[in-house]
Structures are given as C-alpha cells and as structure tokens.
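Inside the fold
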Amino acid sequence: MEGLVSMKTAPGISFQSIPSPNQRPNFFLRRSMDLQHRRFHFPSIRAQQSGTIFPRKEDEEDSLKVKEWEVGMLQNEVAASQGIRIRRRPPSGPPLHYVGPFEFRLQNEGNTPRNILEEIVWHKDVEVSQMKEKKPLLSLKKVIENSPPTRDFVGALKAAHLQTGLPGLIAEVKKASPSRGILRENFDPVEIARAYEKGGAACLSVLTDEKYFKGSFENLEAIRNAGVKCPLLCKEFVIDAWQIYYARIKGADAILLIAAVLPDLDIRYMIKICKMLGLAALVEVHDEREMDRVLGIEGIELIGINNRNLETFEVDISNTKKLLEGERGQMIRKKDIIVVGESGLFTPDDVAYVREAGVKAVLVGESIVKQSDPGKGISGLFGKDISL
Ligand SMILES: O=P(O)(O)OC[C@@H](O)[C@@H](O)c1c[nH]c2ccccc12
C-alpha cells in the first residue's frame with residue numbers, strides 16, 4: 001500500500017515549489033492529477049510482470065520520470081500556443097515504458113538547442129533542480145520570515161525620473177555576456193556597485209547567472225551586505241518559482257521575468273509570488289506579440305523592452321520606439337506602467353531617443369561597466385552629471 005500512497009503524493013513537477021494549493025495553476029494540476037490517476041489504475045508492465053499489482057521502487061521512479069516528461073511536454077505545448085519558441089526542456093523523447101499521446105510528434109526533434117536563449121534555459125532547468133534538492137522551498141520560506149524588508153524598486157525609479165526629468169537609471173553589474181565576452185577583467189562587484197550609486201544610479205541590476213554571464217548570487221548578496229542603498233534587481237533566467245524565493249533571500253528587491261521564456265500562466269503566478277514576497281517584477285518583452293501578451297496580464301507595474309534579441313543577439317534601439325507606438329503606448333500610459341528601455345544604450349543621443357519614445361527608466365550594462373570608473377561612465381552616458 002505504501003507504494004501507492006507515495007505515488008499519489010510524489011514530487012517531481014516544477015509546480016512543486018508552489019506556496020499553497022489554492023494558488024496553483026489549475027490546468028497543470030488537473031492534468032497532472034489525471035496522469036497520476038491513470039497510473040494508479042494501470043500498474044506498469046514491469047509491475048505486472050513482477051507478479052504484483054503494486055509498483056516497485058523502480059516502477060515508481062519510472063513513473064515519476066514519465067510524469068516529469070509529460071508535464072514538460074505540456075508546458076512546451078502551452079508555450080508554443082502563445083508564440084513562445086523557447087522550449088523549456090530538451091525533447092529527449094519519452095522515458096522507458098511511455099505509451100502516451102505525444103510520442104509521434106517527437107520523432108524528428110533533435111536534442112540540440114535552437115539558439116542561445118534555449119541553451120541557457122535548458123541548462124538552468126538542470127541547475128535549478130539541483131539547487132532545489134539542496135535547499136528545498138520550505139527551508140527558504142523559513143529564512144524569508146526573518147529577512148529584512150525589501151526596498152522600493154519602482155518608487156526609486158519614479159523618484160529619479162521626477163527629480164531629473166531623465167529616465168531613472170538601472171545600472172548593471174555585468175562581467176560578461178555570451179554575445180560580448182568578458183566586458184571587464186578586473187571585476188569587483190561591490191566596488192562597481194558603489195561607483196554606480198555614487199554616479200547617480202537609481203537602482204542596480206546584478207547578473208546572477210554563472211555559466212553564461214559570469215555572475216553569481218554571491219555578488220548579489222555581497223552588494224546587499226556592503227551597505228549599498230539602491231534597490232537591487234536580480235538578473236536571472238527564471239523558469240521556476242523557487243528561484244524567486246532564493247533571490248529574495250540573497251537580497252533582491254526586484255526580479256526579471258522574461259516573456260520569451262515564460263507562458264502567461266507562469267507570469268501571472270510568479271507576479272503573485274513577487275507581490276507576496278515584496279519584490280517588484282520587471283517583465284521583459286522583445287516584440288509586439290510579447291508586449292500584447294504582457295499588457296493582458298493584471299498587476300504589472302514594470303515592463304522592460306529589450307533592444308537585444310536574445311535568440312540572435314541583434315541589437316536595435318528603435319525596437320523600444322516601435323513597441324511604444326500607437327495603442328500600445330496609450331494602454332501603457334493608461335495603466336501607469338513604467339517602461340524600461342533595455343540594452344544597447346551607449347550615448348546621450350541613445351538615452352534621449354528612448355526617452356522621447358516614452359521610457360521612464362533605462363537599463364544599461366556594457367557602456368558603463370567598461371569604463372575604468374563606472375560612475376564617470378554614467379555622466380558620459382547621460383552627457384551630464386546626474387549624481388546631484
Ligand atoms: O549591456 P547592455 O547592452 O547595456 O544591456 C544591459 C541589459 O539590458 C542586458 O544585460 C539584458 C537585458 N535583458 C537581459 C536578460 C538576460 C540577460 C541580460 C539581459
């Protein structure tokens with residue numbers, strides 16, 4: 001009997017890291033219960049051969065793998081229906097014993113990521129599942145109970161914009177990127193953060209991805225503990241709610257959610273979690289379709305328009321203007337959403353261009369982090385000292 005009980009409550013889907021059952025996205029939950037239910041009634045072939053109607057340990061493990069794979073495929077399907085090209089996991093094919101409906105669709109799919117964003121997401125999936133095992137959600141929640149309150153990220157951007165009439169600056173602590181390689185050899189995150197703050201940044205962005213951006217959660221934590229007052233954005237590739245809790249513990253005041261990676265249901269759900277934890281969510285879009293999806297989601301305060309296409313690395317700052325024209329711009333103003341112009345901003349003319357397009361904030365990495373004094377890099381970017 002034990003086997004069956006543990007199968008019914010077995011972990012293994014990403015929504016495992018969900019705070020309370022009544023907040024779970026019903027679609028996945030229902031589907032996953034259907035799948036469990038089906039297996040409950042039909043023990044696997046191996047279990048039948050072994051002469052018992054109750055599954056053995058290996059059968060349970062198989063069944064968990066099947067379930068994980070099925071949920072992954074469902075996520076890919078929902079995402080694709082929303083125009084999301086990034087697949088959450090490699091289509092490695094059904095696990096052993098699988099006799100489900102999707103197997104035919106997989107025959108011609110390769111297991112090579114189609115672009116860098118997909119590669120990052122697949123790597124992140126493995127990384128996060130390992131981290132979750134070491135630090136389960138419950139232990140994170142306990143730490144959060146005693147964490148200091150977050151700082152007002154959106155308020156800091158609004159205040160800077162009101163004070164200067166210029167877009168509030170989110171200055172990025174960025175050592176490297178897959179498209180540009182190493183940006184700064186002599187990289188001291190705390191020193192850079194202090195220089196940014198002194199130079200007039202309203203907020204900071206700290207990259208935490210290790211493999212592709214040479215960042216870390218230690219950098220985020222160190223900057224938070226060094227007495228820097230600017231609110232901090234955790235720049236991560238979020239695919240699982242667990243990462244939001246982790247970012248909160250490591251000192252984040254805001255977190256990035258990328259619409260090219262996350263289906264609407266995930267964005268809605270993660271925004272609720274952010275609110276619960278006192279974090280701001282910067283929801284990033286790159287094209288009209290993503291912008292329209294995000295404008296249909298309630299409760300969004302901050303939208304980032306990335307001028308860099310994360311699939312091809314092409315940068316074009318007119319993207320910001322394009323996405324703010326016409327009805328979209330009107331809707332954004334009506335909803336009082338702050339738009340952040342992201343990537344590829346190097347000169348005062350670039351800043352003026354996105355400001356005229358309607359952004360109230362900018363997110364800048366490369367052009368300022370490369371300067372020997374990143375604080376002075378800020379005056380160079382704006383064409384004047386904005387620290388006063
Ligand atoms: O260095 P730049 O071109 O100024 O870009 C900064 C920031 O916009 C960029 O790092 C960024 C925007 N969105 C992202 C998503 C993931 C990683 C990085 C990013």
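Residues numbered from 1 in each chain as written. Predicted model: local features only at pLDDT ≥ 70, side-chain atom pairs only at ≥ 80, totals over all residues. Heavy atoms only, no water.

**Let's talk about the packing of aromatic side chains**
Across all of its chains, the model carries three aromatic pairs by this definition. On the basis of an interplanar angle of 15° and a centroid distance of 4.9 Å, the ring pair of Trp 242 and Tyr 246 is categorised as stacked. In this pair, Trp 242 and Tyr 246 both sit in helix H10 (residues 241-249), four residues apart, roughly one turn of the helix. We classify Tyr 246 as buried; its relative accessible area is 6%. (Phe/Tyr/Trp six-rings, centres within 6.5 Å; stacked < 30°, edge-to-face > 60°. Helix = DSSP H or I, 4+ residues; strand = E, 2+ residues; numbered from the N terminus. Buried < 20%, exposed > 50% of the residue type's maximum accessible area, 1.4 Å probe, protein only.)

**Examining the sheet that holds strand E1 (residues 168-173)**
The strand order around the closed barrel built from eight strands is E1-E4-E5-E6-E7-E8-E9-E10, with neighbouring strands paired in parallel fashion. The sheet shows a mean angle of 25° between the axes of neighbouring strands, taken without regard to direction. In terms of strand pairing, strand E7 (residues 280-285) meets strand E8 (residues 302-306) through four bridges, oriented parallel. Bridging across to E8, Val 283 finds its partner in Ile 303. Seen against the sheet, helix H7 (residues 153-164) touches E1, strand E4 (203-207), strand E5 (232-235), strand E6 (254-258), E7, E8, strand E9 (338-342) and strand E10 (361-364) and runs at an angle of roughly 125° to E1. (Pairing = 2+ DSSP bridges. Axes fitted to C-alpha atoms, helices over the stretch in contact; angles between N-to-C directions. Contact = heavy atoms within 4.5 Å.)

**Brief notes about helix H12 (residues 288-295)**
Buried within H12 are the following residues: Glu 290, Met 291, Arg 293, Val 294 and Leu 295. Its buried side turned inward, H12 meets helix H11 (264-277), E7, E8, helix H13 (318-324) and helix H14 (326-334).

**Points about the site of the ligand**
Contacts to the ligand come from 16 residues, most closely from Glu 172, Lys 174, Glu 284, Ser 343 and Gly 365. A distance of 3.2 Å separates a nitrogen atom of the ligand from a polar side-chain atom of Asn 306. Within the backbone of Gly 344, an N or O atom sits 3.0 Å from an oxygen atom of the ligand. Protein chains shield 99% of the accessible area of the ligand, which is 440 Å² for the free molecule. The cavity where the ligand resides is the largest cavity. (Near = heavy atom within 4 Å. Polar contact = N/O pair within 3.5 Å; in protein donor to acceptor, adjacent residues only side chain to side chain. Areas by Shrake-Rupley, 256 points an atom, 1.4 Å probe, with all protein chains shown as cover. 1 Å grid on protein atoms, 1.4 Å probe; cavity = no way out; pocket = protein on both sides within 12 Å on 5 of 7 lines; lining within 4 Å. Sits in = over half its atoms within 2 Å of the grid points.)

**With respect to the pairing of E8**
Side-chain positions along a regular strand alternate between the two faces of the sheet. Across the five residues that make up E8, a large majority, five, are buried. Across the two faces of E8 the burial is the same, with Leu 302, Gly 304 and Asn 306 and Ile 303 and Ile 305 all buried. Assessed by its sense of winding, the connection that carries the chain from E7 through H12 to E8 is right-handed. In this sheet, E9 lies alongside E8 in parallel orientation, the contact comprising five bridges. When the bridges of E9 are listed, Ile 305 appears paired with Gly 341. (Right-handed = clockwise from strand over helix to strand, strands pointing away.)

**Structural notes on empty space enclosed by the protein**
By the definition in use, this model includes five cavities of 30 Å³ or more. Put simply, the largest cavity is a space of about 390 Å³. In this structure, the largest cavity is lined by 30 residues; those nearest its centre are Lys 174, Phe 213, Lys 235, Arg 308 and Ser 343. Of all elements in the fold, only helix H5 (116-134), E6, E10 and helix H16 (366-369) reach the threshold of two or more residues within the lining of the largest cavity. The element that contributes the greatest number of residues to the lining of the largest cavity is H5, accounting for three residues. Residues that form the lining of the largest cavity fall into these classes: 15 nonpolar, seven polar and eight charged. In this structure, the second largest cavity spans a volume of roughly 90 Å³. Ala 260, His 286, Glu 290, Asn 309 and Leu 310 are, among the 13 residues lining the second largest cavity, the residues nearest its centre. Across the lining of the second largest cavity, the residue classes tally to five nonpolar, three polar and five charged. (Points joined across faces, edges and corners; volume = space filled by probe spheres on them. Nonpolar A, V, L, I, M, F, W, Y, C, P; charged D, E, K, R; others polar.)

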